[in-house]
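Descriptive structure summary
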Amino acid sequence: MTIEYSELQLDALRELANIGSGNAATALSQLLGRPIDVSVPNALALPLADAVDAIGPAETIVTGVALPVFGDLDAIVLMLFSELDERTLCSLLGVEAGTEVGRSALGEIGNILGCSYIGALSAMTGLALEPAPPQTVTDMLAAIVATVLASHAEATHLALLLDSDLIVEGAECSFSFMLVPNEAGVAELLGRLGL
């Protein structure tokens with residue numbers, strides 16, 4: 001069963017993503033000591049199979065940092081870094097990409113971003129949200145996204161992707177940032193927003 005969301009509902013979810021991404025960008029900017037630009041996010045409500053295709057070429061090697069969220073809303077925050085962007089971010093932190101230290105640094109960036117994002121969502125909606133420790137993995141894009149979405153889909157085949165790009169100025173670096181709530185979580189977010 002596919003759930004349809006109105007343009008007003010999708011706009012509200014985009015605004016939540018925009019504010020959450022802005023908070024995350026501020027946290028990353030403080031960590032890196034560089035300004036961060038945030039693009040306007042897209043809100044897509046898609047079947048799981050289409051969600052994987054919508055994110056990018058399936059065979060692209062990326063590093064994903066997943067941050068499970070529990071409490072009044074079950075969700076996963078997922079950040080996806082290309083190999084080039086991983087190298088750029090690691091070099092900004094003075095560590096080597098692809099190493100244990102580099103993956104740990106990327107996981108910590110994901111943790112800071114995810115917690116900032118979740119904190120903003122919690123403040124805006126009044127939902128009690130608790131992030132779990134981040135999990136970092138390097139694999140093909142389709143494998144990471146399919147695993148994250150499938151592990152979180154529960155009884156629904158729907159993925160709501162709130163996608164925004166954070167761009168590190170002067171470093172040609174961006175990455176995808178998504179909130180993937182379960183179906184009940186989407187209804188809860190919209191309910192808290194009066195929609």
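If you're wondering where the values come from, they're calculated on a predicted model, not measured in any experiment. (Residues numbered from 1 in each chain as written. Predicted model: local features only at pLDDT ≥ 70, side-chain atom pairs only at ≥ 80, totals over all residues. Heavy atoms only, no water.)

**Here's the deal with the overall build of the protein**
A count of helical and extended segments in the protein gives six helices and eight strands. Secondary structure elements of the protein, listed N to C terminal, follow the sequence α-β-β-α-β-β-α-α-β-β-α-β-β-α. The globule rule puts the C-alpha radius of gyration for 195 residues at 16 Å, and the 16 Å found for the protein is close to it. When its C-alpha atoms are laid out on the principal axes, the protein stretches across 45 × 35 × 25 Å. By residue count, 46% of the 195 residues in the protein fall in the buried class. Expressed as a percentage of contacts within the protein between residues at least 6 apart in sequence, the contacts between residues at least 24 apart total 75%. Of the roughly 8,600 Å² of accessible surface on the protein, a fraction of 53% belongs to carbon and sulfur atoms. Each charge class in the protein can be summarised by its mean position, and for the 5 positive and 25 negative side chains these summaries are 6 Å apart. (Helix = DSSP H or I, 4+ residues; strand = E, 2+ residues; numbered from the N terminus. Rg over C-alpha atoms; globule rule 2.2 N^0.38 Å. Buried < 20%, exposed > 50% of the residue type's maximum accessible area, 1.4 Å probe, protein only. Contact = heavy atoms within 4.5 Å. Areas by Shrake-Rupley, 256 points an atom, 1.4 Å probe, with all protein chains shown as cover. Lys, Arg positive; Asp, Glu negative; His and termini not counted. Charge placed at Lys NZ, Arg CZ, Asp CG, Glu CD.)

**Side note on the nonpolar core**
Judged by nonpolar contacts, the single largest core of 39 residues is most densely connected at Val77, Leu89, Leu113 and Phe175. For this core, the secondary structure elements donating two or more residues are α1 (7-32), β3 (61-71), β4 (75-82), α4 (100-125), β7 (158-168), β8 (173-181) and α6 (183-192). Discounting chain neighbours no more than four positions away, the residues touching Phe175 are Leu28, Met79, Leu80, Phe81, Leu89, Leu113, Ser164, Asp165 and Leu166. Core analysis: the second largest hydrophobic core is formed by 16 residues, Ile76, Leu141, Ile144 and Val180 among them. (Core = buried A, V, L, I, M, F, W, Y, C linked by side-chain atoms within 4.5 Å.)

**Remarks on the packing of α1 against α4**
Relative orientation of the contacting elements α1 and α4 amounts to 140 degrees, with a least axis distance of 8 Å. One way to sum up the angle between α1 and α4 is to call them oblique. Taken as a pair, α1 and α4 cross one another with a handedness that is right-handed. Contact with α1, carried on its side by Leu16, Ala17, Ile19, Gly20, Ser21, Asn23, Ala24, Ala25, Ala27, Leu28 and Leu31, involves Ile109, Ile112, Leu113, Ser116, Tyr117, Ala120, Leu121, Met124 and Thr125 of α4 and no other residues of that element. The class makeup of the residues in the contact of α1 with α4 is 15 nonpolar, five polar and no charged. (Axes fitted to C-alpha atoms, helices over the stretch in contact; angles between N-to-C directions. Parallel < 35°, antiparallel > 145°, perpendicular 65-115°, else oblique. Left-handed = near helix turned anticlockwise from the far one by under 90°. Nonpolar A, V, L, I, M, F, W, Y, C, P; charged D, E, K, R; others polar.)

**Brief notes about the pattern of salt bridges**
When their charged atoms lie close together, side chains carrying opposite charge are able to pair. Counted by the stated rule, this structure contains one salt bridge. The shortest N-O distance in the salt bridge between Glu188 and Arg192 comes to 2.9 Å. With Glu188 and Arg192 both in helix α6 and four residues apart, this pair spans about one turn of that helix. (Salt bridge = Lys/Arg side-chain N within 4 Å of Asp/Glu carboxyl O.)

**Some remarks on the environment of Leu129**
Its place among the elements puts Leu129 in strand β5 (residues 129-131). Placed 14 residues apart in sequence, Leu129 and Cys115 show a C-alpha to C-alpha distance of 9.7 Å. Setting aside residues no more than four positions away along its own chain, Leu129 makes contact with Val69, Phe70, Leu73, Ile118, Leu121 and Ser122.

**Examining the environment of Ala142**
For Ala142, the location among the structural elements is in helix α5 (residues 141-152). Separated by 83 residues in sequence, Ala142 and Glu59 place their C-alpha atoms 6.6 Å apart. Here Ala142 is in contact with Val52 and Ala58, once residues within four sequence places are set aside.

**A word on the side chain of Asp85**
Relative to the assigned elements, Asp85 resides in helix α3 (residues 83-93). Of the side chains with opposite charge, Arg87 lies nearest to the buried Asp85, which makes no salt bridge, at 8.6 Å. Separated by 3.0 Å, the side chains of Asp85 and Ser82 make a polar contact. (Polar contact = N/O pair within 3.5 Å; in protein donor to acceptor, adjacent residues only side chain to side chain.)

**Observations regarding the packing of aromatic side chains**
Within the structure shown, the criterion is met by one aromatic pair. With centroids separated by 4.5 Å and ring planes inclined at 45 degrees, the aromatic side chains of Tyr117 and Phe177 adopt a geometry described as tilted. Pair noted here: Tyr117 is in helix α4 and Phe177 is in strand β8, with a separation of 60 residues, a long-range link. (Phe/Tyr/Trp six-rings, centres within 6.5 Å; stacked < 30°, edge-to-face > 60°.)

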